[in-house]
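Structural characterization, general
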Amino acid sequence: MMRRWVAVLLVLGCVAACGPDREPSPRRAAAYVGMGDSYVSGPGIAPVDGDSGACLRSGASWPALLARELGIEQRADVSCGGATTDHVPEAVPGQGGIIAPQLDAVSRSTRLVTIGIGGNDGNFYEGLFNSCIYPTIRTTSGCRFFDEEQAPEILAATKTKIVRTLEAITEKAPDADVLLVGYIRILPDDGACPPLGLSRALVTHGSSAMRQLEATQRAAAREAGATFVSLRGMSRGHDVCAEDDAWVNGLENTPADGVNLHPTAAAMRAVAKHLAGVVEARG
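Residues numbered from 1 in each chain as written. Predicted model: local features only at pLDDT ≥ 70, side-chain atom pairs only at ≥ 80, totals over all residues. Heavy atoms only, no water.

1. Details of the overall build of the protein
In terms of helices and strands, the protein carries 8 helices and 7 strands. By the burial criterion, 54% of the 283 residues in the protein qualify as buried. Taking all contacts inside the protein whose residues are at least 6 apart in sequence as the whole, residues at least 24 apart take part in 70%. Working note: accessible area of the protein is about 12,500 Å², and carbon and sulfur atoms make up 50% of it. (Helix = DSSP H or I, 4+ residues; strand = E, 2+ residues; numbered from the N terminus. Buried < 20%, exposed > 50% of the residue type's maximum accessible area, 1.4 Å probe, protein only. Contact = heavy atoms within 4.5 Å. Areas by Shrake-Rupley, 256 points an atom, 1.4 Å probe, with all protein chains shown as cover.)

2. A short note on the confidence of the model for the protein
Across the protein, the average pLDDT comes to 90, with 90% of residues at or above 70. Low pLDDT, under 50, characterises residues 1-28; the predicted model gives this stretch 42 contacts beyond four residues in sequence or across chains. (pLDDT = per-residue confidence, 0-100.)

3. Notes on empty space enclosed by the protein
On inspection of all chains with the given rule, the structure shows 2 cavities of 30 Å³ or more. When its volume is computed, the largest cavity comes out at roughly 80 Å³. Lining of the largest cavity is provided by 14 residues; of these, Y39, W62, G182, I184 and L231 occupy positions nearest its centre. Put simply, the parts of the chain that give the lining of the largest cavity at least two residues each are α3 (38-41) and α8 (265-282). Examining the composition of the lining of the largest cavity, we find that 3 residues originate from one element, α8, more than from any other. Looking at the lining of the largest cavity residue by residue, the class counts come to 11 nonpolar, 2 polar and 1 charged. The volume enclosed by the second largest cavity comes to roughly 70 Å³. Taken together, Y125, Y183, I184, R185, I186, M210, L213, E214, Q217 and R232 make up the lining of the second largest cavity. The dominant element in the lining of the second largest cavity, judged by the number of residues it contributes, is helix α7 (residues 200-224), at 4 residues. Looking at side-chain class alone, the lining of the second largest cavity contains 6 nonpolar, 1 polar and 3 charged residues. (1 Å grid on protein atoms, 1.4 Å probe; cavity = no way out; pocket = protein on both sides within 12 Å on 5 of 7 lines; lining within 4 Å. Points joined across faces, edges and corners; volume = space filled by probe spheres on them. Nonpolar A, V, L, I, M, F, W, Y, C, P; charged D, E, K, R; others polar.)

4. Topic: the state of the cysteines
Summed over all chains, the structure comprises 3 disulfides. Ordering the disulfide-forming cysteines of the protein by sequence position, one finds them joined as 1-2, 3-4, 5-6. (Disulfide = S-S within 2.5 Å.)

5. Digging into the packing of helix α5 (residues 124-133) against helix α6 (residues 140-172)
Where α5 meets α6, the axes come as close as 9 Å, and the angle between the chain directions of the two elements is 170°. Here α5 is positioned roughly antiparallel relative to α6, judged by the angle of their axes. Between α5, through F124, G127, L128, S131 and C132, and α6, the contact on the second element is made entirely by G142, C143, F146, Q150, A151, I154 and L155. Among the residues forming the contact of α5 with α6, the class breakdown is 8 nonpolar, 4 polar and no charged. (Axes fitted to C-alpha atoms, helices over the stretch in contact; angles between N-to-C directions. Parallel < 35°, antiparallel > 145°, perpendicular 65-115°, else oblique.)

6. Thoughts on the packing of aromatic side chains
If you walk through the whole model with that rule in mind, you get 7 aromatic pairs. Residues Y125 and Y183 carry aromatic rings whose centres are separated by 5.3 Å and whose planes lie at 80° to one another, so their mutual orientation is edge-to-face. Linking Y125 in helix α5 with Y183 in the loop between β6 (177-181) and α7, this pair joins segments that are 58 residues apart in sequence. A relative accessible area of 6% means that Y183 is categorised as buried. One aromatic cluster is present, built from ring pairs that chain together Y39, F124, Y125, F129, Y134, F146 and Y183. (Phe/Tyr/Trp six-rings, centres within 6.5 Å; stacked < 30°, edge-to-face > 60°.)

Spelled out as structure tokens, the structure:
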């Protein structure tokens, strides 16, 4: 079943790309489009995608690896570090020029869209990192306040924006399978985190806030008629506190393997394989 489904993607890609002029825009012709923020684009992971400009997208992002897993040649990865839901339909300024709307990559010939978005809306992740993780400014009371007071308020607005984003994708690609992909774990569910010097309380509240983000994404996907794919289960035991088994960098960048508090190359490979299994199971 999956082979037939991928074959349809490949044929559609060729219909768009193999016409008489043979010089289509790759974005317009993409049968698969990968969208999202830095947890999708993999900043700091070698090699850099030469076409990514200010987005500093990795050539080994999980959309690129997923397309390879599925054998889809006609694909567009437009994920970009710092992206919010506003960056999906709107052009934004970046270093060296304007970053085109991610939605521009989607067309009626698109048959699969994956998007990982929401963590930057309302400065959610910035608030989480400042309140619960960065050593010079985190406090237990601040982390608890973020978890219990700020996060729910931010995420209430974020849900509405994610729903609108998913609906906009479906409107442009009515025949596409749209997958909203969650975030890999940054923190474990509980316990202290010696690598970052985090107390049990900081971990508990930080992890709680991230579970709220996932619940928001799940609810938004359900309302928009899209499919939500959680990464929490598959990344269990690979959070930043897992040391050698971590799929997330700590407080410092790792040369050629990602920026701080962001996924590593191992994470990108694991997510791509997991999503390939999800797509295959859906037929």
